[in-house]
Every structure is written in structure tokens, then in C-alpha cells.
Amino acid sequence: MRRAGAVALNTFREAVRDRVLYNLVFFALLMMLAAILVGGISIGIEDLVIKSLGLSAISVIGLLIAVFIGVGLVYKEMDKRTLYALLAKPVRRWEFLLGKFGGLVLTLAVNTMAMAAGLFAALLYVKHHLERTDAVLLIAIYFILLKLTLVVALALLFSCYSTPLLAILYTSALYIAGLFVEEMRTFHSTAANPLLEALLRGLSYLLPNFENFNVMAAAAHGREIPGALVLQNTVYAALYSVIVLLVAAAVFSRRNLK
Amino acid sequence: MSPANSKKWLLLVLLPLGFAGVWELQQRIDIQRRAFEQERDELVLRSGKLVRAMSLEYAPLMADIYWTRAVQYYGDKHARHDPNFELLWPLLDLTTTLDPNLLVAYRFGSTFLSEPSPRGAGHPELGIALLMRGMQANPDYWRFYEDLGFIYYFELKDYQKASAAFAEGSKHPDSQIWMKIMAAKIAAEGESLSTSVFLWNEVYQTTKDPQVKDNAMSHLHLLRVEQDCQQLDALADEFQKRTGRRPARVGELVQAKLLPRLPVDPMGFPYVFGPDGKAVLNIDSPLLEQQLLQQNSK
């Protein structure tokens, strides 16, 4: 585990060196612009716009980082041949994968926390005070981080056996499919084929359900989110990530690196 | 067993277990989300013009997506017997603004909007507004007048306007001859069983959608029940004239040679006489529920 931790720390350092966190400047600019403009173009929904825009930006920026960096985690090391030097040391392949995963999740967590701080600053600028209901935003941000963790796991899995371009395609496709599982389940309203209905229903439970983590609307409106959902989503993201990482480790351990 | 093999077997055991856990957890999350969200219906952008502008050159594709969403929304509400169709009009409004030539959206959409709750939104005025918009955008399509006449006839019971709609539609060169006949018949008789049967039969024959076909068939069944019950009541009156009492069972009409055999409803269940001596559906007949639903929605 210590070895995986060392890989994770280096992955984080590498991300910082690669100026991944520069996106925070973009986020800050977006928030400042929105905070200044929103009062002039909308009536009564100023804080709602800031919350929705902020959460959406955190999600989109996080997703871009998770997918684009995630798919290159293994490939880049192989391409630069640094992986061979690393695996020659007493580091198992699964430890390397776990470290890479942990490193990117750490990067995303730092990034998300910084963006969350920016969102609250913009909100404070617009509303001049914060309310208790604004704390729900923190749960929404936590859910975004859970979602990103799952996306990183998937990107890592695909990067273990395909090129970055294909891995981006696979990860994005699975992410988009994971947003529509609810529709798969309610397909009964139009489908006349019971076999297709059953197949889609089964698939909807096996695909990663990214809609689980979407509480942006509720958070923007300050509606309470039950604690049980927080716990269930945490376990869901953890369990699904473990499954994906297990498969990734199995694939990577069989991969011929010669 | 070699370590590689044991790892493989361990993985084969762990993966199904993991997915079983995911499955179970998802069911719990679904329950939790349903309880916390209550109403998931949300439509962020309601301005058709804005969505159209944002869709760039992909407006027709967006219209298809919104139409699919409208169908799913209606189907889901219908399946859950939820009478709140609040978002149906905005969804249809968006769909037809994005693609004014999407005929299917006007036709089915007006039905979804007009049908009484819980089968539909119970807003025939919105159904009419949607059809009017469709007529404006697609002046050559005569079927909208059929749908308009249908709403006036069945939902609003405004026979004058129903007749006018059929008459207006019959002026189209492509329209069918029965449109003119319907206009005259409704103007002369108002609501009649034969007109209702004809109109529902027309829907049944022309639609390709299985759900609409089922709905039309269900209405046709109930209309046949109405016809049968009227005839049985007339025969019961005849029986009373002959014997001085109302028949207690339909079988007595057969014994009195007023009927050749026991009459059955479209589902094959024999009719019975109710406590008031009027012919009614058998309590076991599946049509009874539909009939009650229809009566409640009137």
C-alpha cells in the first residue's frame, strides 16, 4: 500500500507540473463574470444561476480532467518507457494502477475543493451572506467528486488495453449511457417488446448510474438531501470503482509489455 | 492450483458478487431518490425560440429528442396513474417550435392533452391550440381537422364545432369522403352511438401505434357494450309487457325465446341484470374496470 501511495503522490505532482490546476483560473474567471453579469440579465434567480453554473462548471471541468488525464495514465508511462523502470522496482502492477488511480482522484479532489471555494465566494458576492441551505451545495460537490472517481476508474480500465483516443470514446460513451439509465427503466411506456424491455431494465442496473450523483437541481434550490442517499452513493461509487479496478488490474496483469 | 489460476477464479467469483451488490444498492438508491425528489419533472428551458436558437442547425434532431421525451413523460405518468401532466404542454410546445412539421407531435400530442384524467392531461383547449398551430404550419394536412372534430365531439361535446371541423377538413382535396358525411351526421344528430363507433373505428384502422390501437379497441368494446345493454333493456321491457315482471336473469330472455342464446360482451363474459333491472357488465369482465374508469373521467 505504501508503494501505491508513492505512485499516487507522484501522479499528483505530475498533474501539478503539467499545469492541470490552471483550469482553476478559468473557473474563477467564469464565476466572476457570472457574478457580475447575472444581476443585470436576470431577476430573482441570481443565486440560482450562480449555483447551477458553478456546479455545472465543477462537473464539466472535473469530467474533462478525469477523462483526458485518466486515459493517458497508463499509456503515457508506456509511451515514455518510464513504466519499465518502475516495474523493475518492487512495485506490483496492481499497485501501480491503484497509485495512478489514487493520484488522479487526489488531483480531482484538490481541484474540486478549490472550485467549491470559488463557488461559495461568488455566492457570497451575489447574496452578501450565506444561508444554512447553501450547505447542500457541499453534498452536491461531494457527489460530483464521487462521480469523477468512478469516471477515473473507467478511464483507467480502458487505458489498460486501448489507445487514448479509443479510451476517451469508450469512457465518454459509458458516461453518457450512464446518464440515461432512468430512461432505460421507463422504456416500458413505449416499448412493445418485452424481451427488449427486460434486457434494458437489466442493463440499467449493471451500467454505472451517473444520474445517482446528480442532485444539482435540488442543491441549487436548497432542498435537503437525505443522509441515507449520501451513504448509499458513497458505497455505490466505492463498490463500482473496486469492481472496475479489479477488472483493470486483471487486464493489466495479463498485458504483454514487451 | 497455480497462483494465476486462483486469481482468475477469485475474480470470477468477486465480479458477479460485486455486480449483485451494485444491483441491490441501486434499488435502495432508487427508493431513496424517489422519496427525496418526489417529482423529478423539470424542464429548465421552456422557451421554444431560445432552445431553437441554441440548437443551431440541429433543431429537427432536438425536436425528435423532445418528442421522445414527451412520449416517455406521458407513458410514464400513464403507467403510474399519475394525473399530473404539468410538463406535457411545455414539452409539446418545445417540440413543435423546434420542428413545426413534426405531424405526429400535433396528432398524438393533442390526444395526450385532451383525454380526460387519468388517461390524459384533461386539457382539450390545449389540444385544440396545438392542432391550430399544426394547421397553420401544415395547411395541406387534412387529418388535423379529423382530430379537431374528435376533440370537440368526444371531449367537449360541442357538436356544432365538431361538425364544423369535419366540414372544414372535407374541403381539402385529399380528405376522405366520410369527413363530409360525419359533418352532416353530427350536425343533424349530435352524439350518437353509430357516429362514435365510426370515429373510433377510423382511429383503429388508421393508426400504426399499438397503444393508440389498444385505446381505440377499448373504446369500441365499451361502445358495443353500450349498444348491447340498450338492446337487452329493450328486450327486458318486452319481457315485462308479456309477463308483467322484469326478468331477473338474462337467461329468462332466452327461455322466453326473445334471444337465441346468452349474449356475451366483447371479452366473452355474459351480461347480467343489475339491481335496477338494467343490463350491465358481468362483475368478472375485465371491461368493467375500463367502463368505471371512463365513467369517472366524464
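Caption draft 1: Inspection of the overall build of chain A at higher detail. The helix and strand inventory of chain A stands at twelve helices and zero strands. When the elements of chain A are put in sequence order from the N terminus, they spell out α-α-α-α-α-α-α-α-α-α-α-α. For chain A, the proportion of its 258 residues judged to be buried stands at 39%.

Caption draft 2: Summary view of the packing of helix 6 (residues 124–137) of chain B against helix 7 (residues 143–155) of chain B. Residues and elements named next belong to chain B. Following both chains from N to C, one finds helix 6 and helix 7 inclined at 165 degrees, their axes separated by 10 Å at the closest point. By the angle between their directions, the pair helix 6 and helix 7 is classed as roughly antiparallel. For the element pair helix 6 and helix 7, the recorded crossing hand is left-handed. When helix 6 is examined against helix 7, the residues Pro124, Gly127, Ile128, Leu131, Gly134 and Met135 are found in contact with a partner set consisting of Phe144, Asp147, Leu148, Ile151 and Glu155.

Caption draft 3: Structural context of the interface of chain B and chain A. With 23 residues of chain B in contact, the opposing surface of chain A contributes 25 residues. Mapped by element, the contributors of at least two residues to the side of chain B that touches chain A are helix 1 (3–37) and helix 3 (59–79) of chain B. No other element matches helix 1 of chain B, which puts 15 residues into the side of chain B that touches chain A. Along the lines of polarity and charge, the residues of the side of chain B that touches chain A split into twelve nonpolar, seven polar and four charged.

Caption draft 4: Examining the packing of helix 8 (residues 159–170) of chain B against helix 9 (residues 178–189) of chain B more closely. Residue and element names in this part refer to chain B. Relative to each other, helix 8 and helix 9 sit at 160 degrees, their axes nearing to 8 Å. Regarding the angle of helix 8 to helix 9, the classification is roughly antiparallel. Here the hand of the crossing between helix 8 and helix 9 comes out left-handed. Contacts between helix 8 and helix 9 involve Tyr159, Ala162, Ser163, Phe166, Ala167, Gly169 and Ser170 on the former and, on the latter, Met179, Lys180, Met182, Ala183, Ile186 and Ala187.

Caption draft 5: Representation of the nonpolar core within the structure. In this structure, Ala66, Ala140, Val152, Ala155 and Leu156 of chain A are the most contacted members of the largest nonpolar core, which totals 72 residues. With 18 residues, helix 7 (residues 136–159) of chain A is the single largest residue contributor to this core. Every residue in contact with Val152 of chain A, bar those within four places of it in the chain, is listed here: Ala66, Gly70, Phe101, Leu104 and Val105 of chain A. Core analysis: the second largest hydrophobic core is formed by 45 residues, Leu88, Tyr106, Phe112 and Ile186 of chain B among them.

Caption draft 6: Broad picture of the confidence of the model for chain A. Looking at chain A as a whole, the pLDDT averages 85, with 92% of positions reaching at least 70. Within chain A, helix 7 of chain A carries the highest mean pLDDT (94), whereas helix 2 (residues 23–41) of chain A carries the lowest (72).

Caption draft 7: Up close: the confidence of the model for chain B. Residue and element names in this part refer to chain B. Mean pLDDT for chain B: 83, with 92% of residues reaching 70 or above. Within chain B, helix 2 (residues 48–54) has the poorest average pLDDT of any element, 70, and helix 6 the best, 94. For this predicted complex, the interface score ipTM comes out at 0.73, while the overall pTM is 0.60.

Here is what the cut-offs are and how they apply
- Per chain, the residues get numbers from 1 upward, laid out in the order the sequence is written.
- Chain letters start at A and ligand numbers start at 1, both assigned in the order the entries are written.
- In keeping with the model being predicted, local features are shown solely for residues with a pLDDT of at least 70 and side-chain atom pairs are shown and tallied solely at 80 or more, while totals for entire chains, interfaces and linings include all residues.
- Helix and strand labels come from DSSP, where a helix needs a run of H or I of at least four residues and a strand needs a run of E of at least two; each type is numbered from the N terminus.
- Any residue surrounded by 20 or more other C-beta atoms within 10 Å of its C-beta is treated as buried, while 12 or fewer makes it exposed and the intermediate range makes it partly exposed; C-beta atoms here are placed from the backbone.
- Axis lines are fitted through C-alpha atoms, for helices just across the contact stretch, and the angle between N-to-C directions can take any value from 0 to 180 degrees.
- Relative orientations are named as follows: roughly parallel for angles under 35 degrees, roughly antiparallel for angles over 145 degrees, roughly perpendicular for angles from 65 to 115 degrees, and oblique for any other angle.
- By convention the crossing between two helices is left-handed if the near helix lies anticlockwise of the far one by an angle smaller than a right angle, and right-handed if it lies clockwise.
- Two residues qualify as being in contact provided that their C-beta atoms, derived from the backbone, are within 7 Å of each other.
- Here the nonpolar group is Ala, Val, Leu, Ile, Met, Phe, Trp, Tyr, Cys and Pro; Asp, Glu, Lys and Arg are the charged ones; every other residue, Gly included, is treated as polar.
- Put simply, a nonpolar core is buried Ala, Val, Leu, Ile, Met, Phe, Trp, Tyr and Cys residues tied into one set by C-beta atoms within 7 Å.
- What pLDDT conveys is the predictor's confidence in a given residue, as a value from 0 to 100.

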